[in-house]
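Residue-level structure breakdown
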Amino acid sequence: MSISLLNSERPAGQLDLRLQRIAQRVGAAGLVIVPCVIGMNASFGRITWIDLFEAAADIAVLSAIMIAALRSHLVRPALYSGLMLLFSIFWCASFGELHLGQVNATSFPLVLFIPVFLSLALDYRLLAALAPVQALLVFVYAHQYGAAFGAADSAGFDSVGIVYAVLSGIMVSLVAILAWIRQHSDDELIRALDEKDRLASTDSLTGLMNRRAFMDSLNALCANDSTFAVAFLDLDRFKPLNDQFGHAAGDAVLRELSNRLQQVAGVRAAARLGGDELAVALDPCLSGAELDQTIASLHAGLTRQVEWEGKSLLVGVSIGYATNVRDAQSLPTLLKAADTAMRRAKAHQSGWASFSAELDGAALDTHSPEIEFRSALARGDLRAAIQPIADAATLELVGYEILSRWTQCGLRQTPEPNEFIPIAERLGLLNELLWITLDETLRSGGLTPNRLAVNISPAQLQAPDFVDCFINLLKARAVDPACITLEITEQVAYRNIESNVQMLEKARRAGMTIALDDFGTGYSSLSMLDRLPLDKVKIDKSFSQRSGLSDRSDSILHASIRLAKQLNLTCCVEGIETEEAARKVRLFGADEIQGYWIGRPVLLEDSRQLFKRAS
Ligand code: C2E
Ligand code: CA
Ligand code: CA
């Protein structure tokens, strides 16, 4: 699997470009110099057939270097082998001329300098190998040169030859050292630029691509003219996990899930887009059933437990995917489609969903839910709904839970509370929403009985004046705080538990009741019963809905109710949809019931002709 598809403009590539420019210059300069030298020699009448042979061979080699440089193909081997060939040709020609006696006083300095000049652009390893060869050739040349000129003292000429040979070898060695220094600093530069490149395109926590690099990789896939699918992944229950176990645990989960992500067959590129949002591009060859199968494996792989410091951490993941991209222009639409499908998967807790034009099309065309939510709140399109709560034994209504409803939504599918409450939380508008729905309920008056339950998220308790504001609002409407139940989830205990507990105790002192909502769905429900100041427990609807499926589920429901009773807490069971369920939980000892059988949540404004079932 290739995770990185990117970075054609790598630093190493820039150095290749430099080498290409050098090859071009060597080729061009050589192709000018060689004919000029031949021309000059010809004008002085000193041209020999060896000169012609040498010039022809040089031009052939230089042309090859030039062609390789212009075509950007095999530049390095062409340049290095070409220069070695020019070196060899020069020496062959020099010895040939020496043998034929076609040497003069200027020939000797030429063999000292021209080979060094020719080797300037070589790799340092080739230069190091060439240094002794050059020294040896100079020495042999000097020896034969002395003999050819009939030097009287041939031994003396040999010692001069040794000096020249050593100097020549040293010159090539110096060039080799300079080339090594340059190459070494180039390597350092490449490493530094590579690292900079890696950091700029990588998410430092997970090692996955970041958003920018991911977009580059999608563009690269588009450039290959392929149709491929993109999946958006958003972790479920990640924030509570972070709150409960701390950021180190959250980081460990993200790292582990990222590793797993990369191991799933069919994942072509994987990225962390930010927070707990991940994205993958899938192999272009995947479509239809194979694509669905890959997404299912992705989901199964990520929803396994993560072991961390002796604890088993579990988060869920919602995946949305979309396919059929044809060009880079349609990429943003593809990404938005996958994102929209992911939101549907999350809202319906279905694990994964493929983009459907029918279900998601309108959501795709509108603004983001965040923008819509803000303006809906300002327009008054967020309204209070109420759901009755009844006494389990007598079925008399004992109060109502206030639930928010988004009416008149510009999006095709009106978001449900499970979708817009997290948005309100992200935007810091939960208190605003609470005041609006509570005030609407209090203003309407006339609800009998007048006990009201409101849902409070942990973030709301963080504001130091939360309870005071609440009490002031009740005072303004002449409502006794004793009529109010605050429904909290055990997430309030994950972070700043001390201050949250103080806030809840203050509310209790003012007369309010505290209920632990969704009991049994969290990570550590039992210890919460001890740590939080509670009056009531609401057993999550999943328990009552599983009841009857097996003796075991019944036993769990029964035991949960008994536990609450033993702790002197009022016990309410949620999700009662049938008469049989109501009868059963009453027998198990529940004090209160809530659910569709008693009454569905209805908008406050429609609540008049309601709740007929309750006596
Ligand atoms: P919750 O507090 O557990 O509220 C009960 C949820 O169960 C409601 O969903 C209600 O419509 C649903 N429900 C009630 N009876 C039955 C039943 O018999 N069967 C089934 N299947 N479901 C039933 P809803 O209104 O979608 O709210 C979902 C959650 O959103 C609520 O869960 C609550 O935690 C949160 N929420 C709703 N409104 C607000 C709000 O104004 N502020 C805050 N902070 N949270 C809210
Ligand atoms: Ca509730
Ligand atoms: Ca609940």
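Residues numbered from 1 in each chain as written. Chains lettered and ligands numbered in written order. Predicted model: local features only at pLDDT ≥ 70, side-chain atom pairs only at ≥ 80, totals over all residues. Heavy atoms only, no water.

1. Let's talk about the coordination of the calcium ion (ligand 2)
- Every protein donor of the calcium ion (ligand 2) is listed here as Glu401 (OE), Asn455 (OD1), Glu487 (OE) and Asp517 (OD), and their distances to the metal cover 2.1 to 2.3 Å.
- Of note, the calcium ion (ligand 2) draws all its donor residues from one chain, in the sequence arrangement E-x53-N-x31-E-x29-D.
- Separating the calcium ion (ligand 2) from the calcium ion (ligand 3) is a gap of 4.0 Å, bridged by Asp517, which donates to each. Placement of Glu487 in strand S11 (residues 484-488) and of Asp517 in strand S12 (residues 513-519) is noted, with a sequence separation of 30 residues between them. (Donors = N, O, S within 2.8 Å, 3.2 Å for Na, K, Ca; no water. Helix = DSSP H or I, 4+ residues; strand = E, 2+ residues; numbered from the N terminus.)

2. A word on the site of ligand 1
- Around ligand 1 sit 22 residues in total, of which Gln387, Ser404, Arg405, Glu577 and Tyr596 are the nearest.
- One of the side-chain nitrogen or oxygen atoms of Ser404 is found 2.4 Å away from an oxygen atom of ligand 1.
- For ligand 1, whose unbound accessible area comes to 790 Å², protein coverage reaches 85%.
- The set of elements that each furnish at least two residues to the shell around ligand 1 consists of strand S9 (397-406), helix H14 (417-427), S12 and helix H20 (541-546).
- Here the element with the most residues in the shell around ligand 1 is S9; it accounts for four residues. (Near = heavy atom within 4 Å. Polar contact = N/O pair within 3.5 Å; in protein donor to acceptor, adjacent residues only side chain to side chain. Areas by Shrake-Rupley, 256 points an atom, 1.4 Å probe, with all protein chains shown as cover.)

3. What to know about the coordination of the calcium ion (ligand 3)
- Note on the calcium ion (ligand 3): its protein donors are Asp517 (OD), Asp518 (OD), Glu574 (OE) and Glu574 (OE). The metal-donor distances range over 2.1 to 2.5 Å.
- If you list the donors of the calcium ion (ligand 3) from N- to C-terminus, the spacing comes out as D-D-x55-E.

4. Some words on the layout of surface pockets
- If you add up the space inside the second largest pocket, you get close to 1,100 Å³.
- Looking at the second largest pocket, it is lined by 34 residues, and the ones nearest its centre are Val37, Glu54, Asp58, Phe90 and Ile114.
- Among the secondary structure elements, those contributing two or more residues to the lining of the second largest pocket are helix H1 (11-43), helix H2 (49-71), helix H3 (75-99) and helix H4 (107-118).
- Considering every element that reaches the lining of the second largest pocket, the biggest residue donor is H1, with nine residues.
- The residue makeup of the lining of the second largest pocket, split by class, is 21 nonpolar, eight polar and five charged. (1 Å grid on protein atoms, 1.4 Å probe; cavity = no way out; pocket = protein on both sides within 12 Å on 5 of 7 lines; lining within 4 Å. Points joined across faces, edges and corners; volume = space filled by probe spheres on them. Nonpolar A, V, L, I, M, F, W, Y, C, P; charged D, E, K, R; others polar.)

5. Quick notes on the packing of aromatic side chains
- Counted according to the given criterion, the structure contains 14 aromatic pairs.
- Measuring from centroid to centroid gives 5.6 Å for Phe95 and Tyr141, while their planes differ by 70°, and the two rings are edge-to-face. Note that Phe95 is positioned in helix H3 and Tyr141 in helix H5 (residues 124-148), a separation of 46 residues in sequence. Here the two residues Phe95 and Tyr141 agree in accessibility, since each one is buried.
- Of the aromatic side chains, those joined through ring pairs into one cluster are Phe90, Trp91, Phe95, Phe108, Tyr141, Tyr145 and Tyr164.
- A cation over a ring is seen here: Arg546 above Phe543, with NZ or CZ 5.5 Å from the ring centre.
- Looking at Arg600, its charged tip hangs above the ring of Tyr596, at a distance of 3.9 Å from the centre. (Phe/Tyr/Trp six-rings, centres within 6.5 Å; stacked < 30°, edge-to-face > 60°. Buried < 20%, exposed > 50% of the residue type's maximum accessible area, 1.4 Å probe, protein only. Lys NZ or Arg CZ within 6 Å of the ring centre and 35° of its normal.)

6. Here's the deal with the domain arrangement of the protein
- Its domain assignment divides the protein into domain 1 (11-196), domain 2 (211-366) and domain 3 (381-609).
- Computed over C-alpha atoms, the centres of domain 1 and domain 3 are 88 Å apart. (Domains from an automatic or database assignment.)

7. Topic: the sheet that holds strand S2 (residues 267-274)
- As summarised here, the arrangement of the five strands in space is S2-S3-S1-S6-S7, forming an open sheet in which the pairing is mixed. Of all strands in the sheet, those bounded by a partner on one side alone are S2 and strand S7 (352-354). Neighbour to neighbour, the strand axes of the sheet diverge by 20° on average, direction disregarded.
- Where helix H7 (residues 211-223) meets the sheet, it contacts strand S1 (230-236), S2 and strand S3 (277-282), and its direction lies at approximately 150° from that of S2. (Pairing = 2+ DSSP bridges. Axes fitted to C-alpha atoms, helices over the stretch in contact; angles between N-to-C directions. Contact = heavy atoms within 4.5 Å.)

8. Considering helix H9 (residues 247-263)
- Its 17 residues place the ends of H9 25 Å apart at the C-alpha level, agreeing with the 24 Å of an ideal helix rising 1.5 Å per residue.
- Of the residues making up H9, those classed as buried are Ala249, Gly250, Ala252, Val253, Leu254, Leu257, Ser258, Arg260 and Leu261. (Expected span 1.5 Å × (residues − 1).)

9. Thoughts on the nonpolar core
- Counting 60 residues, the largest nonpolar core has Val454, Ile456, Phe470, Leu486, Leu532, Ile561 and Ile593 as its most contacted members.
- Ranked by the residues each element gives to this core, the list is headed by helix H17 (residues 466-476), at six residues. (Core = buried A, V, L, I, M, F, W, Y, C linked by side-chain atoms within 4.5 Å.)

10. So, a nonpolar patch on the surface
- A surface patch of nonpolar side chains, about 1,100 Å² in accessible area, is lined by Val160, Ile162, Val163, Tyr164, Val166, Leu167, Ile170, Leu174, Ile177, Leu178, Trp180 and Ile181.
- Considering the arrangement of structural elements, one finds Leu178 in helix H6 (residues 154-201). (Patch = residues over 30% accessible without salt bridge, like charges linked within 9 Å, V, L, I, M, F, W, Y side chains within 5 Å. Salt bridge = Lys/Arg side-chain N within 4 Å of Asp/Glu carboxyl O.)

11. Overview of the pattern of salt bridges
- By the definition in use, this model includes 26 salt bridges.
- Among the ionic pairs, Glu605 bridges to Arg383, the shortest N-O distance being 2.7 Å. Within this pair, whereas Glu605 is found in the segment after strand S16 (602-603), its partner Arg383 is found in strand S8 (residues 382-391), the two being separated by 222 residues in sequence.
- Looking at Arg383, the relative accessible area reads 25%, which means it is partly exposed.
- Three or more residues joined by partner-sharing salt bridges are found here, namely Glu401, Glu487, Lys538 and Glu574.

12. Quick look at the packing of helix H13 (residues 369-379) against H14
- Relative orientation of the contacting elements H13 and H14 amounts to 80°, with a least axis distance of 10 Å. Judged by the angle between their axes, H13 and H14 are roughly perpendicular. Note on element contacts: H14 touches H13 through Phe420, Ile423, Ala424, Arg426 and Leu427, opposite Pro369, Glu370, Phe373 and Arg374.
- The class makeup of the residues in the contact of H13 with H14 is six nonpolar, no polar and three charged. (Parallel < 35°, antiparallel > 145°, perpendicular 65-115°, else oblique.)

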